Amino acid sequence: MTDLIRLSLSIEKTLYERLENLVQSAGYSNRSEYVRDMIRDKLVATKWNSNSNVIASITLVFDHSMRGLSKKLAKVQHSHFKEILASTHVHLSQDMCAEMILVKATVSKVKHIADTLRQQKGVLHAEVSMSALGDELN
Ligand code: NI
């Protein structure tokens, strides 16, 4: 368990009220935990560069009736088998599919994989979500 320290700080009343609204609307019962998470978000945002290692999910929405698309998506993923840890396929409707691909790689590699998948004809949406591996967040 990390040692806790107490700190006090001075902020404008309006800023304080906005913080309280954020804490409440995000469903936090505890202001300190909200501020800790804000600091962690900032740490992640400032520390990352293209060579940083991250864990990421790439979510694709695509039309599987597009000729050859499923095969192409599988081919791209096989060419990155060292970085792709897992994937899950969800059938959204008669034609539409979603695939969530879990990747552990550098930021630039994740972006490259996502861009390559996104560019395939029939892929309608691709969203990338990255997280730190955790060591720097304690
Ligand atoms: Ni499907």
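Calculation rules
Residues numbered from 1 in each chain as written. Predicted model: local features only at pLDDT ≥ 70, side-chain atom pairs only at ≥ 80, totals over all residues. Heavy atoms only, no water. Domains from an automatic or database assignment. Pairing = 2+ DSSP bridges. Helix = DSSP H or I, 4+ residues; strand = E, 2+ residues; numbered from the N terminus. Axes fitted to C-alpha atoms, helices over the stretch in contact; angles between N-to-C directions. Contact = heavy atoms within 4.5 Å. Buried < 20%, exposed > 50% of the residue type's maximum accessible area, 1.4 Å probe, protein only. Lys, Arg positive; Asp, Glu negative; His and termini not counted. Salt bridge = Lys/Arg side-chain N within 4 Å of Asp/Glu carboxyl O.

### Quick word on the domain arrangement of the chain
At step 1: Assigned domains within the chain: domain 1 (13-47) and domain 2 (53-137).
At step 2: When each unit is reduced to the centre of its C-alpha atoms, the spacing between domain 1 and domain 2 is 31 Å.

### Focus on the sheet that holds strand β2 (residues 84-91)
At step 1: Strand order in the open sheet made by the four strands is β2-β3-β1-β4, with antiparallel pairing throughout. Single-partner strands in this sheet number two, and they are β2 and β4 (123-132). Mean inter-strand twist for the sheet, computed between neighbouring axes without regard to direction, equals 15 degrees.
At step 2: The strands touched by helix α3 (residues 69-78) are β1 (53-63), β2, β3 (96-106) and β4; relative to β1, the strand with the most contacts, the crossing angle is about 170 degrees.

### A few points about the pairing of β3
At step 1: Here β1 pairs with β3 via eleven bridges, running antiparallel. Within the sheet, the bridge partner assigned to F62 lies in β3 and is C97.
At step 2: Here β2 runs beside β3; their pairing, made up of seven bridges, is antiparallel. Pairing of S87 across the sheet is with I101, part of β3.

### Brief notes about the side chain of E83
At step 1: Structurally, the position occupied by E83 is in the loop between α3 and β2.
At step 2: One buried charge, E83, has no salt-bridge partner; the nearest side chain with opposite charge is K109, at 4.1 Å.
At step 3: Apart from the residues lying within four places of it in its own chain, the contact partners of E83 are L102, V103, K104, A105, K109 and I113.

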